[in-house]
Amino acid sequence: LFPEAITAGVRIDAIEADLSREADVARLVAHCRSFGEASPFRGIFHCSGFSMDVALADIQRGDLEKIAGPKNNAAWWLHERTLGLSPALEVFAVV
């Protein structure tokens, strides 16, 4: 996936989770924290997308809430679950 990073000693875990479900967020963060000091949890890239077959000009407020709501909830839950990490996260990116 990222051969240069892995060669440099970076641990990269791909975890299947539905971040629109708070329980999956908790499971994901618990997994990342489980390695302790040997492999500290240093960053999150929260990448998600959506598909809506409608012209941008035709999107209604309810459509935006349906699209953005789960992504916003996931970002907040990730934030809450990673507060107080030591060492602190170096990267928290919501894309």
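From a predicted model like this one, the values you see are computed outputs, not experimental measurements. (Residues numbered from 1 in each chain as written. Predicted model: local features only at pLDDT ≥ 70, side-chain atom pairs only at ≥ 80, totals over all residues. Heavy atoms only, no water.)

## Comments concerning the pattern of salt bridges
For clarity, the cut-off: Put simply, a salt bridge is a Lys or Arg side-chain nitrogen that is within 4 Å of an Asp or Glu carboxyl oxygen. Each helix is a run of DSSP H or I of at least 4 residues and each strand a run of E of at least 2, with the numbering of both proceeding from the N terminus. Buried residues are those whose accessible area, probed at 1.4 Å on protein chains only, stays under 20% of the maximum for their type, while exposed residues exceed 50% and partly exposed ones sit between those limits.
Under the definition given, this model contains 5 salt bridges. Of the charged contacts in the structure, one is a salt bridge between E22 and R81, with a shortest N-O distance of 4.0 Å. Within this pair, whereas E22 is found in helix α2 (residues 22-33), its partner R81 is found in helix α3 (residues 61-82), the two being separated by 59 residues in sequence. For E22, a relative accessible area of 37% gives the class partly exposed. Here R61 makes a salt bridge to E65, at a shortest N to O gap of 3.2 Å. Here the residue R61 and the residue E65 both occupy positions in helix α3, the gap between them amounting to 4 residues, near one helical turn. Overlapping salt bridges bring together R21, D24 and R27 as one network.

## Digging into the pairing of strand β1 (residues 43-46)
Every other side chain in a regular strand lies on the same face of the sheet, so the side chains alternate between the two faces. Stated precisely, the cut-off is as follows: Looking down the strands as they point away from the viewer, one classifies a crossover as right-handed if the path from the first strand across the helix to the second runs clockwise.
Taking every second residue as pointing to the same face, the buried face of β1 carries I44 and H46, while none of G43 and F45 on the other face is buried. In this fold, β1 hands off to α3, which returns the chain to strand β2 (residues 91-94); that crossover is right-handed.

## Here's the deal with a nonpolar patch on the surface
Put simply, the rule reads: Residues form patches when they are more than 30% accessible in relative terms and have no salt bridge. Like charges link within 9 Å. Nonpolar side chains (Val, Leu, Ile, Met, Phe, Trp, Tyr) link within 5 Å. The Shrake-Rupley method, run with a 1.4 Å probe sphere, supplies the accessible areas, and residue values consider only the shown protein chains as cover.
Taken together, the side chains of F2, I6, V10 and I12 define a hydrophobic patch exposed on the protein surface, amounting to about 340 Å² of accessible area. Positionally, I12 belongs in the loop between α1 (3-7) and α2.

## A look at the side chain of T82
What counts here: Polar contact criterion, stated in full: a pair of N or O atoms within 3.5 Å, where within protein one must be able to donate a hydrogen and the other to accept it, and residues adjacent in sequence count only if both atoms are side-chain atoms. Here, two residues are considered to be in contact whenever any of their heavy atoms come within 4.5 Å of each other.
Within the element layout of this structure, T82 appears in helix α3. A distance of 2.8 Å separates the side chain of T82 from the backbone oxygen of L78, its partner in a polar contact. Here T82 is in contact with V29, R33, F41, I44, L89 and F92, once residues within four sequence places are set aside.

## Comments concerning the layout of surface pockets
The criterion, for reference: Method remark: on a 1 Å grid restricted to protein atoms, a set of points is classed as a cavity if a 1.4 Å probe fits but cannot get out and as a pocket if it is open with protein on both sides within 12 Å along at least five of seven lines; lining residues have an atom within 4 Å of a point. Grid points are joined across faces, edges and corners, and a volume is the space filled by probe spheres set on the points. Note on residue categories: nonpolar means Ala, Val, Leu, Ile, Met, Phe, Trp, Tyr, Cys or Pro, charged means Asp, Glu, Lys or Arg, and polar means any other residue, Gly included.
For the largest pocket, the calculated volume is near 1200 Å³. Lining of the largest pocket is provided by 37 residues; of these, I12, D13, G43, I44 and F45 occupy positions nearest its centre. Residue assignment for the lining of the largest pocket shows that the elements contributing at least two residues are α2, β1 and α3. The element contributing the most residues to the lining of the largest pocket is α3, with 6 residues. Considered class by class, the residues forming the lining of the largest pocket number 23 nonpolar, 7 polar and 7 charged.

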